[in-house]
Amino acid sequence: MFKTYFRALNLYFNQEKILQDTYRHKGQRKRMVEALRQRGIQDEAVLAAMAAVPRHFFLEKAFEEHAYEDKPFPIGCEQTISQPFTVAYQTVLLDIKNGDQVLEIGTGSGYQAAILAVLGAKVFTVERQETLYFQTKKLLETLGFKTVKCFFKDGSKGLPEKAPFDKIVVTAGAPVVPEPLKEQLAIGGILVIPVGESVQKMLRIKRISAIEYQEERLHDFRFVPFLEGVERK
Ligand code: SAH
């Protein structure tokens, strides 16, 4: 069922990169998924989505060989693609249902957005670095992700014009939980956000009613910083 997203198997992107998913890549991806399972990821839908999305499409050619290692890599603008374990961990916490309206803060490479889309979410993803915004928007379009909409914005105010969201995920380390993100959750909605300065605690916040939220404090992670304002080319 995930195959349709990757019908374009031999594409030129930015005139240089060839998007080709070979048997070798598929084998490496299978091993990546097994490693995630070993590290405790049990959600079969999430594992299937990670088995379906070619992570090497979202990396610079120079890192292609390493695309299926459980590591973050530079994506330009001093940012990184999150490591597969972190992507899987946040996605499990979000508990994506088909048709969920999902807000992602920190588009970066677009890999997390692609995983959410493959799971059936309607994704609204916000990026504050103009270069990454343009590059990733083009990549996701090239790959045929029609259910991902990219926005060039400071995500600390959320995306009020598309609220409420069933799920919100922040993929940069925030010093505090931005109030607008809580306000833009639907009742019953879930916000997954890493909070802290040098090390971040993963928080899962559920909106119980118009005024009540339930907060779980989970494991520690290290993300690139969540910054205010936008950065232009
Ligand atoms: N989800 C991404 C992770 C990228 S790293 C992926 O799968 O590759 C986090 C990204 O968050 C960076 O690109 C950074 O520029 C962006 N970011 C940081 N603060 C932000 C903010 N306030 N609004 C929008 N994007 C932000």
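Nothing here was measured: the structure is a model prediction, and the numbers come from that model. (Residues numbered from 1 in each chain as written. Predicted model: local features only at pLDDT ≥ 70, side-chain atom pairs only at ≥ 80, totals over all residues. Heavy atoms only, no water.)

1. Some details on the pairing of strand β5 (residues 101–105)
Rules: For each residue, the accessible area found with a 1.4 Å probe, counting protein chains only, is set against the maximum for its type, and the residue is called buried under 20%, exposed over 50%, and partly exposed in between. The secondary structure listing takes helices from DSSP runs of H or I that are at least 4 residues long and strands from runs of E that are at least 2 residues long, numbered from the N terminus. By definition, two strands form a pair when at least two bridges between them are found by DSSP. Whether a crossover is right-handed comes down to one check: with the strands pointing away from the viewer, does the path from the first strand over the helix to the second run clockwise; if it does, it is right-handed.
Across the five residues that make up β5, a large majority, five, are buried. Side chains Gln 101, Leu 103 and Ile 105 of β5 all project onto a buried face; the interleaved residues Val 102 and Glu 104 project onto the opposite face, where all are buried too. Relative to strand β6 (residues 122–127), β5 runs parallel, the two being bridged by five bridges. Residue pairing across strands places Leu 103 opposite Phe 124, the latter belonging to β6. Traced from β5 through helix α4 (residues 111–118) to β6, the parallel crossover comes out right-handed. Relative to strand β8 (residues 165–170), β5 runs parallel, the two being bridged by four bridges. If you follow Ile 105 over to β8, its bridge partner there is Val 170.

2. Details of the nonpolar core
What counts, and what does not: What we call a nonpolar core is a set of buried Ala, Val, Leu, Ile, Met, Phe, Trp, Tyr and Cys residues that are connected through their side-chain atoms within 4.5 Å. Two residues form a contact once any of their heavy atoms are found within 4.5 Å.
Membership of the largest hydrophobic core comes to 50 residues, with the highest contact counts inside it found for Met 50, Phe 58 and Tyr 111. Take this core: its biggest share by element is seven residues, from α4. When neighbours within four sequence positions are excluded, Phe 58 is seen to be in contact with Val 53, Ile 75, Ile 81, Ser 109, Gly 110, Tyr 111, Ala 114, Leu 139, Leu 140 and Leu 143. Phe 165, Ile 168, Ile 193 and Leu 203 belong to the second largest nonpolar core, which has 20 residues in total.

3. Here's the deal with the side chain of Ser 209
Rules: Whenever a nitrogen or oxygen atom comes within 3.5 Å of another N or O atom, the pair is scored as a polar contact, on the condition that within protein one atom can donate a hydrogen and the other can accept it, and that pairs from neighbouring residues in sequence are kept only if both atoms are in side chains.
Along the chain, the position of Ser 209 falls in the loop between β10 (200–207) and β11 (213–221). Its relative accessible area of 17% is what places Ser 209 among the buried residues. Within the structure, the side chain of Ser 209 is placed 2.9 Å from the side chain of Glu 212, a separation counted as a polar contact.

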